[in-house]
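Single-letter residue listing:
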Amino acid sequence: MAMKLALGPLLYFWPRERVEAFYRQVADWPVDIVYLGETVCAKRRELRLDDWLRIARQLRDAGKEVVLSTLALIEAESELAGLRRIAQQDEFPVEANDMAAVQQLRGQHYIAGPHLNIYNPASLSLHHRLGATRWVMPVELSQQTLRQMQLNKPLQLETEVFVFGRLPLAFSARCFTARACNLPKDHCQLRCGEYPDGLDMKTRDREAFLIINGIQTQSATTCNLVRAIPALRELQIDVLRLSPQSQHMEEIVTLYHQVLENRLDPGEAENRINTLTCGSPSNGYWYDSPGMQWLEQPFKQGQGTRVE
Amino acid sequence: MSNRIELVAPAGSFPALRKAVDSGADAVYFGFRDATNARNFPGLNFDNTTASDAVTYAHRHGCKIMLALNTYPQPASWSNWTRAVDRAAELGVDALILADTGLLQYARQQHPDLRLHLSVQGSATTHEAIAFYRDQFAIQRVVLPRVLSFSQVKRIIEKTDVEIETFAFGSLCVMAEGRCYLSSYVTGESPNTCGACSPAKSVQWHETPQGREVRLNGVLIDRYQSGESAGYPVLCKGRFEVNDELGYAIEEPTSLSVLDILPQLVRSGVSAIKIEGRQRSPAYVTQVVSVLRQALDAAQQDPESYRVRDAWVQQLDKLAEGSTHTLGALDRQWQ
């Protein structure tokens, strides 16, 4: 089976028109799977479930497999109710990013999202038994762990790896965008909408460090594992996830696609993609190193030799 | 009168465990000396002999003892964690505090009579998430992440039959526990993978003309002028620039303290309140347990006339990170 490309859920808060225009373009991009919906903050209501469903149908009509993603941090009853509406629709599969979602989806198939903390084959088997058809590896895990997971996973369960984008690193009850704007969370004025790729947080020596995206904290670097595609193929990974950024996304998706089709050398694609990323590139987690690092190394298939 | 609430105290070493027991803790929690628990710090925790001594000491004094095995095992070292579960069962601990679903399943299958608690690292923030862990693994208690408001805590208690444990005092994680990879992003080690956040081996201090700098694996976390007190560089508690303004962009160094709302907590129906700090000294454990013992007794005996004593606050603030305290998310109006 050829590896598929997936466009991960949009992690930022864009105006409704921009979201709709974005996904109209996505319909023509060489991605197989599109994850839709709000995974970060329930207060972002530019698009309601009906709007997402409308976009989902358009993408399905364009030949895409569509999955509805759900919140990673759920606290309020209203958020559980919103989750239930997604879990109870039967038109599209759902990505669970919290155990509350897994609980609500019992008896149904689901995709076990990157925030479920699946670190070992025992957890993987549990989710498979509960109905998971695909799992997304947590971003902090390495290719060595992935290899062992692949060797020990249930046969029919698909594996998806986050290969491109700023890394979602943490979730909090506190909104750091509101905090940066000196606003209380309850009256945040949805200021995260002013930062289409998140808000830069720099160290005191003015180095890019993290990105504030409402209650989510991301890496300032952009993960790029395009050069690892031969290794990912050898590991029989089913799906590669690319997380959207506001600019150049079509070019980036196209470059990944060309590598998958063996029409472009991975090293060449890496060089080109690294000129298009929001932040400087990183690939440390893949090599069992700090996630912020970029490790230049001669490519060895499936081996995680640490080079620092 | 509510049911008696357990005061749960940290034991990072055998001396700290003795102090916790002697100062009036109802239960203590500890970890093995390896990556199987979320306070995997140099010089801390228990080897085989001290673990056995710890269980004996606690039980002889009528104190419960629980083992934290609350990191996420990866395939290469899976058997270290399952062995730790088996050892805990042999030791006769009163409960295991787990986070990983694979390990919860193992413990439930291999040791059907063992009491299981869901660690704060399990990130269960709603009654439905708790129901998942109860249905799958028959957990009997859950430790709630410190991201919930008090009204959210109360709602969870109303909607679940699983015992609820909340944090009462200690360092504050502002991120949902178990959902934070910031430390591995910078250092390669995180609470989930290695039981460490901002590990000491990655910390570098430098005197510079601009002040005393502290870096974590090369990343500048903060810089202190002479006279400014410098705390441990937990990376989310440094000072950073956002929109050209310098400040604590994520969280100030401060400690959680629930002294102000103890009677409300008692009435809410929590089963246990927990003190953070297995990395702290025996003296710290003595003082915090003593103060919270007095306060909890007062709040349980007569919630109506409960008053926070100045002496309690002064004693705890001296021990608190940044010498200040907060109710954290508990104080928020979030529904």
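Rules behind the numbers
Every chain's residues receive numbers from 1 upward, in the order its sequence appears when written. The order in which chains are written sets their letters, starting at A; the order in which ligands are written sets their numbers, starting at 1. In keeping with the predicted nature of the model, local features appear solely for residues at pLDDT of at least 70, side-chain atom pairs appear and are counted solely at 80 or more, and the whole-chain, interface and lining totals rest on all residues. By the criteria applied, helices consist of DSSP H or I runs no shorter than four residues and strands consist of E runs no shorter than two, each listed in order from the N terminus. Based on C-alpha atoms, the radius of gyration is set beside the globule rule, defined as 2.2 Å times the residue count to the power 0.38. Put simply, a residue is buried when 20 or more other C-beta atoms lie within 10 Å of its own C-beta and exposed when 12 or fewer do; between those, it is partly exposed, and each C-beta is set from the backbone. A pair of residues counts as a contact when their C-beta atoms, built from backbone coordinates, are separated by no more than 7 Å. Pairing between two strands is assigned when DSSP locates at least 2 bridges connecting them. If the strands point away from the viewer and the path from the first strand over the helix to the second runs clockwise, then the crossover is right-handed. To get an axis, fit a line to the C-alpha atoms, keeping to the stretch in contact for a helix; angles then go from 0 to 180 degrees between the N-to-C directions. Summary of the metric used: pLDDT quantifies the predictor's per-residue confidence within the range 0 to 100. When residues are sorted by character, Ala, Val, Leu, Ile, Met, Phe, Trp, Tyr, Cys and Pro go into the nonpolar class, Asp, Glu, Lys and Arg into the charged class, and all the rest, Gly among them, into the polar class.

Could you give an account of the overall build of chain B, naming the residues involved and the relevant values?
Of the regular secondary structure elements, chain B holds eleven helices and 16 strands. Over its C-alpha trace chain B gives a radius of gyration of 20 Å, about what one expects of a compact globule, namely 20 Å for 335 residues. A principal-axis box enclosing the C-alpha atoms of chain B has dimensions of 60 × 55 × 40 Å. A buried classification covers 56% of the 335 residues belonging to chain B. Considering only residue pairs separated by 6 or more positions, chain B has 63% of its internal contacts joining residues 24 or more positions apart.

Describe unusual backbone geometry, naming the residues involved and giving the relevant values.
Residues and elements named next belong to chain B. Despite not being glycine, Asn45 shows a phi value in the positive range, around 80°. Structurally, the position occupied by Asn45 is in the loop between strand 2 (27-30) and helix 2 (48-60). By the C-beta count within 10 Å, which is 25 here, Asn45 ends up buried. Positive phi, normally seen in glycine, also occurs at Ser123, with a value near 60°. Assignment of secondary structure puts Ser123 in the loop between strand 5 (116-118) and helix 5 (127-137).

I'd like a description of the pairing of strand 10 (residues 211-216) of chain B, backed by residues and values.
All names here are of chain B. Direction of pairing for strand 9 (residues 203-208) relative to strand 10: antiparallel, over a ladder of six bridges. For Val203, the partnering residue across the bridge sits in strand 10 and is Leu216. Linking strand 9 to strand 10, which pair antiparallel, is a turn of two residues. As defined by bridge partners, strand 10 adjoins strand 11 (residues 219-224) across five bridges and the pair is classed as antiparallel. Looking at the pairing, Leu216 lines up with Val219 of strand 11. Linking strand 10 to strand 11, which pair antiparallel, is a turn of two residues; within it Asn217 sits at a positive phi near 45°.

Describe in detail the pairing of strand 7 (residues 163-171) of chain B, supporting the description with residues and values.
Residue and element names in this part refer to chain B. Along strand 7, eight of the nine residues are buried, which leaves the element largely enclosed by surrounding structure. Pairing between strand 6 (residues 141-143) and strand 7: three bridges, direction parallel. Following the sheet pairing, Val142 is matched in strand 7 by Ile164. Considered for its hand, the β-α-β crossover made up of strand 6, helix 6 (residues 150-159) and strand 7 is right-handed. Where strand 7 and strand 15 (residues 272-275) come together, four bridges link them in parallel fashion. Residue pairing across strands places Phe167 opposite Lys274, the latter belonging to strand 15. Examined bridge by bridge, strand 7 and strand 14 (residues 255-257) share three bridges and lie antiparallel to one another. From the neighbouring strand, Gly170 faces strand 14, where its bridge partner is Leu256.

Residue-level account of the sheet that holds strand 11 of chain B, with values.
All names here are of chain B. Strand order across the open sheet formed by three strands is 9-10-11, with antiparallel pairing between neighbours. The strands lining the two open edges of the sheet, one partner per strand, are strand 9 and strand 11. Across the sheet, the mean angle separating the axes of adjacent strands is 25° when strand polarity is ignored.

Kindly report on the confidence of the model for chain B, identifying the contributing residues and their values.
The predicted coordinates ought not to be read in detail in places where the model reports low pLDDT. Averaged over all residues, the pLDDT of chain B is 93; the fraction at 70 or higher stands at 99%. Per the prediction output, this complex has pTM 0.95; the corresponding ipTM is 0.95.

Please set out the interface of chain A and chain B residue by residue, giving values where relevant.
Listed as interface residues are 53 residues of chain A and, on the opposing side, 55 residues of chain B. When grouped by side-chain class, the residues that make up the side of chain A that touches chain B number 27 nonpolar, 16 polar and ten charged.

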